[in-house]
Amino acid sequence: MAPLLHVSDLRTYFFTFGGTRVVKAVDGVSFTLEAGETLGLVGESGCGKTTTCLSLVGLLPPAARIVGGSIRFAGEELTGKSPRELRRLRGRRIAMILQDPMASLNPLLTIARQVGEPAHFHLRLRGRPLRERVLGLLRAVRIPSPEVRCREYPHQMSGGMRQRIVGAIALAAEPQLIIADEPTTNLDVTIQAQYLNLLKEIQQQTGVALIFVTHNLGIVAKMCDKVAVMYAGKIVEQSPVRELFNAPQHPYTRALLGAMPKLGRREPLYAIPGQPPNLADPPSGCAFHPRCPEVIPRCVSESPEEVVAGNGHTARCWLVQPDVEVSRGRPSA
């Protein structure tokens, strides 16, 4: 049986200064997602996570376009679809939760109007059935007094409630896939935990698949079935979550794990040296080599291919090649 989502060699480039400069924001990304499964997409800011997600739903900015690869959703190719066809898909079959709810909620429209819009547009609900749908969604995301709240506006709610409202909008038309782009960034720790538990409950009840974009590997451990680590527009390691934490293969993944705070830890956190590369002028060879504590000469001159490092575990690194023998350093995790 084919996976719900199959992304193969996706390439999304930004063309700036009249097309004279090319930024390879997404450069050969491939992954699959089954129904009901959660994929964590992790990496530093600017590595291509959000651009990958915007490519899936056809919401790229004017300077960007998909130049190659395939996005197959439920057996249907999305890369060649027109904007009108993608509008029918967005919200109905694929929904997206953005990082900042105040940027995705309209301050001039009531909560009922905004939550009900996808159900009205895609499911053709109106009148009493639409109102009942809106109230049911607000109850599902734990909004207290939904009959009162549905008549209010976004500014009258807390940050946690606004984020749950955005979640209700994503669920309104019963999608098969929800893309959550760092939805807990602006929430405090207590509200963040409540929101993550809520997403898990909703997923168990509905069977929706999730792509969860985050910087936080602790959230990945809690939420995800498998994880893809991105760096400089590429997926450098991909694995089931447990295997990634137990046996990371790429130096960048080990560095991210080494930078995680741990309860009772006394030694300073590991800090990855340097900065992510400029994708308009990337380094030769492996893009991580200027910051890598385990670099070998081959890393500087040749870009590594993806290698199978275990069952469902792949890495894009010369150090996992069977013909390379090297003593590995490792940041303290």
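On a predicted model such as this, the values are computed, not experimentally measured, just so you know.

Chemist: Residues and numbers for the confidence of the model for the protein, please.
Modeler: The predicted model of the protein averages 90 in pLDDT, with 96% of residues at 70 or higher. Within the protein, the element-level pLDDT minimum falls on helix 3 (residues 101-104), averaging 82, and the maximum on strand 9 (residues 226-231), averaging 97. Predicted confidence is poor over residues 326-333, with pLDDT under 50, and the contacts of this stretch with residues over four places away or in other chains come to 22 contacts.

Chemist: How would you summarise the sheet that holds strand 1 (residues 5-16) if you had to cite specific residues and measurements?
Modeler: Taken in spatial order, the 4 strands of this open sheet run 2-1-4-5, and their pairing is antiparallel. The sheet is open, and its two borders are formed by strand 2 (21-33) and strand 5 (76-77), each paired with just one other strand. Pairing analysis gives 10 bridges linking strand 1 to strand 2, with the strands arranged antiparallel. Pairing of Phe 14 across the sheet is with Val 23, part of strand 2. The strands that helix 1 (residues 49-57) touches are strand 1, strand 2 and strand 4 (64-73); relative to strand 1, the one it contacts most, it runs at about 110 degrees.

Chemist: If you had to explain the sheet that holds strand 12 (residues 313-315) to someone new, which residues and values would you point to?
Modeler: Ordered by their spatial adjacency, 8 strands build an open sheet running 6-7-8-3-9-10-12-11, and the pairing between neighbours is mixed. Each edge of the open sheet carries a strand with a single partner, namely strand 6 (94-97) and strand 11 (307-310). Neighbour-to-neighbour, the strand axes of this sheet turn through a mean angle of 20 degrees, independent of strand direction. Judged from the 6 bridges that link them, strand 9 and strand 10 (residues 234-240) form a sheet pairing that is antiparallel. The residue bridging Met 230 from the neighbouring strand is Ile 235, located in strand 10. Across the sheet, helix 8 (residues 189-206) touches strand 3 (38-42), strand 6 and strand 8 (209-214), and the angle it forms with strand 8 is around 160 degrees. In the packing of helix 11 (residues 251-258) onto the sheet, the strands contacted are strand 9 and strand 10, and the crossing angle to strand 9 comes to about 105 degrees.

Chemist: Now, about the environment of Cys 292: what can you tell me, with residues and values included?
Modeler: Along the chain, Cys 292 turns up in the loop between helix 11 and helix 12 (297-301). Sequence separation between Cys 292 and Leu 210 is 82 residues, and the spatial gap between their C-alpha atoms is 31 Å.

Chemist: Break down helix 1 for me, with residues and values.
Modeler: Among the 9 residues in helix 1, 8 count as buried, and that is most of the element. Regarding helix 1, the residues found buried are Lys 49, Thr 51, Thr 52, Cys 53, Leu 54, Ser 55, Leu 56 and Val 57. With its phi angle positive at about 70 degrees, Gly 58 sits one or two positions after the end of helix 1.

Chemist: Which residues make up the pairing of strand 9, and what values do they have?
Modeler: Two faces, one strand: in a regular strand the side chains alternate between the faces of the sheet. Counting buried positions along strand 9 gives 6 out of 6 residues, so the element sits mostly inside the fold. Burial along strand 9 is two-sided: Lys 226, Ala 228 and Met 230 facing one way and Val 227, Val 229 and Tyr 231 facing the other are all buried. Note that strand 3 and strand 9 share 4 bridges and pair parallel. By the bridge assignment, Gly 40 is partnered in strand 9 with Val 227.

Chemist: Please provide a residue-by-residue account of the packing of aromatic side chains, values included.
Modeler: Centre-to-centre distance and the angle between the planes together describe a pair of aromatic rings. As enumerated under the stated definition, the model contains 4 aromatic pairs in all. Considering the side-chain rings of Tyr 231 and Tyr 252, the 4.7 Å spacing of their centres and the 55 degrees angle between planes classify their relative orientation as tilted. Remark: Tyr 252 occurs in helix 11 and Tyr 231 occurs in strand 9; sequence separation between them is 21 residues. Grouping residues by exposure puts Tyr 231 and Tyr 252 together as buried.

The rules we used
- Residues numbered from 1 in each chain as written.
- Predicted model: local features only at pLDDT ≥ 70, side-chain atom pairs only at ≥ 80, totals over all residues.
- Heavy atoms only, no water.
- pLDDT = per-residue confidence, 0-100.
- Helix = DSSP H or I, 4+ residues; strand = E, 2+ residues; numbered from the N terminus.
- Contact = heavy atoms within 4.5 Å.
- Pairing = 2+ DSSP bridges.
- Axes fitted to C-alpha atoms, helices over the stretch in contact; angles between N-to-C directions.
- Buried < 20%, exposed > 50% of the residue type's maximum accessible area, 1.4 Å probe, protein only.
- Phe/Tyr/Trp six-rings, centres within 6.5 Å; stacked < 30°, edge-to-face > 60°.

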